[in-house]
Amino acid sequence: MKKNGNSNIFFIIWQYFISLFRYFTISLFSFLILFLPKQPFMSSPLLFRSTNLKSEPLTFSRALLQGLAPDKGLYMPEYIPGISMKEIESFTGKEYYEIAFDVSRKFLAGEISDNDLMNIVKEAYNYDVPLEPVFERKYIMRLDQGPTASFKDFAARMMGRLMHYYLRKENKSLTILTATSGDTGSAVANAFYGLDNINIVVLFPQAEVTDRQRKQMTTLGKNVHILAMDAKFDDCQALVKQAFIDPDLAQLNLSSANSINIGRLIPQTVYYFYAFAKLRTGKPGEKVIFSVPSGNFGDMMGGVIAFKMGLPVKKFIIATNENDEFPKYLYSGIYKKIEPSRNCISSAMNVGHPSNLSRLVAVYHGVMDETGKIHKQADLGLMRKELWSVCIPDTKTRDTIADAYLNHHILLEPHGSVGWAGLMEYLHRNPGEDRPDQLCISLETAHPAKFPDEIKAILGIDPPLPESLQGLETKPETFGKLENNYLSFKEYLQKTF
Ligand SMILES: *Cc1c(COP(=O)(O)O)cnc(C)c1O
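Fair warning: this is a prediction, and the values are worked out from it, not measured in the lab.

Asks: Tell me what's going on with the nonpolar core, and back it up with residues and numbers.
Replies: Ranked by internal contacts, the top residues of the largest apolar core, which has 103 residues, are Phe192, Phe273, Phe290, Leu360, Leu387 and Ile441. Formed jointly, this core draws a minimum of three residues from each of two domains, domain 1 (58–150 + 264–469) and domain 2 (153–261 + 472–496). Contacts of isoleucine 441, omitting those with residues within four sequence positions, involve Tyr139, Met141, Ala275, Phe276, Leu279, Val288, Ile289, Phe290 and Ser291. Counting residues in hydrophobic clusters, the runner-up holds 25 residues, among them Leu68, Ala231, Leu254 and Ile260.

Structure, rendered in structure tokens:
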């Protein structure tokens, strides 16, 4: 009996070990199957999907070099990576370039080494980002201290360096085509100037660009080719888009540096984190209101992505000039582009169909194609909860420049004035938000010295030139001139490259 009992116990223990063994081998196998294939990549990189949903998803470097997706949609990250409040709080003590590193790493992990990314952001962001107090806790963020005195330097300088990095790795070259309504052209031309594996072609509507803006592009030379177009901005953009899908031009390896390129968007999320981290009081639950003067909506999309990553934003104010297709869409759900776009003094925002709108619609679970046609309506309820939009006519833009200068000693140019006017309008129409302790930040997107005639007419003063814009008058200009005609543009490209 006793012997039997013992062997029974041994049997049960034996059985127990066998089942443990089985359990471990099964777990080990599942572990190997699930995790081993991914080991060589460390973690698999984030993929980017076209807003038209018909092209293959690509890794960041592919999407960056490609620009527009083959189905004419724009690349968006497959999911928006999160960032914790603790991490955002850690930005308070960091330099701008360090925040740029932390934020962009969320999108680029596995696509570039930390060391190379750090070198790129350090080189790209070697200038100041002032946060100017206006009254109470209302601020202007000056994004106008870069080499071309426009906020577009933030995106162009990082994108240029990333493209150069990936092209050199693959021993390739490419030609960048860019349509500009003013500042993109000079920012891109300056950011890419002298890079050995990249040629730049910039098209600008000759009637809509100031002398100074033009000279910032036409005085460079080398790998920078500038075309003055007898056309509007939207026409220039249409020509560029047509060239991208023209099979006859495939051997030129064309790419885009417009805000349709995902490489422009990611750097534009960074200054939203920076501004909040530097101005927050540390009160729990604190949220910020941003006002963004908007044209093609690349700047504002950077903000919306930062928000979806986890930045505590109460509201985005999307301020447009008289090209008010977006505020109309937000409140009616009906989208109608404005053709031709209306000429306003905030010329870089004279856009009748914002190229990034399809991205915004995608974030709000809708589908809009490149022509502006809605295939699936966005969640308008959620959009209206998170965004507020207003059209600021030129008269108001001018009055606001005068008011900010006379009452607050703040010098704005027309684009920044649209943003600030939008913020004032929002606070006026939403008295509940108009508390002294509510943090509000309006973006100034260009230096006032880029618009001397307008400033002089309104304020009677000549805004002082930043160092980067000095000496342009005496430099020789080189640029071509073309009609608004695709065949002549194509011929130019085939002859030049
Ligand atoms: C490009 C530009 C804008 C508009 O930015 P989007 O990203 O196109 O909305 C506003 N202000 C200035 C000075 C610009 O150059």
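Asks: How would you explain empty space enclosed by the protein if you had to name every residue and give the values?
Replies: On inspection of all chains with the given rule, the structure shows two cavities of 30 Å³ or more. One number sums up the size of the largest cavity: a volume of about 280 Å³. Taken together, 25 residues make up the lining of the largest cavity; nearest its centre are Phe151, Lys152, Gly295, Asn296 and Ala348. Contributions of two or more residues to the lining of the largest cavity are made by helix 7 (183–192) and helix 12 (298–309). Among the elements that line the lining of the largest cavity, the one with the most residues is helix 12, at three residues. Both domains that furnish three or more residues to the lining of the largest cavity are identified here as domain 1 (58–150 + 264–469) and domain 2 (153–261 + 472–496).

Asks: Please set out the domain arrangement of the chain residue by residue, giving values where relevant.
Replies: Splitting the chain by domain gives domain 1 (58–150 + 264–469) and domain 2 (153–261 + 472–496). The C-alpha-based centres of domain 1 and domain 2 are spaced at 23 Å. Opposite the 59 residues of domain 1 that make contact, domain 2 presents 41 residues. Of the roughly 4500 Å² buried at the junction of domain 1 and domain 2 (both faces included), carbon and sulfur atoms supply 56%. When the buried surface of domain 1 facing domain 2 is broken down by residue, Leu64, Leu65 and Arg264 rank first, second and third, together holding 18% of it. Our count for the domain 1 to domain 2 interface comes out at two salt bridges.

Asks: With reference to specific residues and values, describe the pattern of salt bridges.
Replies: Summed over the entire model, instances satisfying the criterion amount to 27 salt bridges. Notably, a salt bridge pairs lysine 328 with aspartate 324, separated by 3.2 Å at the nearest N-O pair. For lysine 328, a relative accessible area of 51% puts it in the exposed group. For aspartate 324, a relative accessible area of 12% gives the class buried. In the salt-bridge network here, residues are joined through shared partners; they are Arg62, Glu170 and Lys172.

Asks: Explain the site of the ligand to me, and be specific about the residues and the numbers.
Replies: Of all residues adjacent to the ligand, which total 14 residues, the nearest are Lys152, Asp183, Gly295, Asn296 and Thr445. Residue phenylalanine 297 places a main-chain N or O atom 2.9 Å away from an oxygen atom belonging to the ligand. For the ligand, whose unbound accessible area comes to 380 Å², protein coverage reaches 98%.

Asks: I'd like a rundown of helix 4 (residues 96–108), residues and numbers included.
Replies: Between its terminal C-alpha atoms helix 4 stretches 18 Å, which fits the 18 Å expected from 13 residues at 1.5 Å a residue. Regarding helix 4, the residues found buried are Tyr96, Ile99, Ala100, Phe101, Asp102, Val103, Ser104, Phe107 and Leu108. Directly beyond the C-terminal end of helix 4, a positive phi value near 85° is found at glycine 110.

Asks: Tell me about the environment of lysine 106, residues and numbers included.
Replies: Mapping lysine 106 onto the fold places it in helix 4. The contact partners of lysine 106, leaving out residues within four places of it in the chain, are Leu46, Pro81, Gly82, Ile83, Glu87 and Met309. Among the polar contacts listed, one links the side chain of lysine 106 to the side chain of glutamate 87, at a separation of 3.1 Å.

Asks: Pulling in residues and values, what's your account of helix 5 (residues 114–124)?
Replies: Within helix 5, burial applies to Leu117, Ile120, Val121 and Ala124. Looking straight down helix 5, one finds its buried side chains confined to an arc of 90°; they lie on one side. The elements touched by buried residues of helix 5 are helix 4 and helix 6 (152–170).

Thresholds, definitions, all that
- Residue positions are given per chain, counted from 1 along the sequence in the order it is written.
- Side-chain atom pairs in this predicted model are given and counted only at pLDDT of 80 or more, local residue features only at pLDDT of at least 70, and totals for whole chains, interfaces and linings cover all residues.
- With hydrogens and water excluded, all non-hydrogen atoms of the structure serve as input to the side-chain values.
- Remark: nonpolar core denotes a set of buried residues (Ala, Val, Leu, Ile, Met, Phe, Trp, Tyr, Cys) joined through side-chain atoms within 4.5 Å.
- Note on classification: 1.4 Å probe, protein chains only; a residue is buried when its accessible area is under 20% of the maximum for its type, exposed when over 50%, partly exposed between these limits.
- How far each domain reaches was decided by an automatic or database domain assignment.
- By definition in these notes, contact holds between two residues if any of their heavy atoms fall within 4.5 Å.
- Residues are said to line a cavity or pocket when one of their atoms sits within 4 Å of a point; the points come from a 1 Å grid over protein atoms alone, cavities being sets where a 1.4 Å probe fits but cannot get out and pockets being open sets with protein on both sides within 12 Å along at least five of seven lines.
- Grid points are joined across faces, edges and corners, and a volume is the space filled by probe spheres set on the points.
- Runs of E in the DSSP output that reach at least two residues are strands. Runs of H or I that reach at least four are helices, and both are numbered from the N terminus.
- When two parts are put together, the accessible area they lose, computed with a 1.4 Å probe and summed over both, is reported as buried area.
- Salt bridge criterion: a side-chain nitrogen from Lys or Arg within 4 Å of a carboxyl oxygen from Asp or Glu.
- We call a residue near a molecule or strand when any one of its heavy atoms sits within 4 Å of it.
- Within 3.5 Å is the distance limit for a polar contact, defined as a pair of N or O atoms, with the added protein rule that one can donate a hydrogen and the other accept it, and that residues adjacent in sequence qualify only through two side-chain atoms.
- Throughout, the Shrake-Rupley method with a 1.4 Å probe supplies accessible areas, and for residues the shown protein chains are the sole cover considered.
- Helix span, expected: 1.5 Å multiplied by one less than the number of residues in the helix.
- To be clear, the arc concerns the directions from the helix axis to the C-beta atoms.

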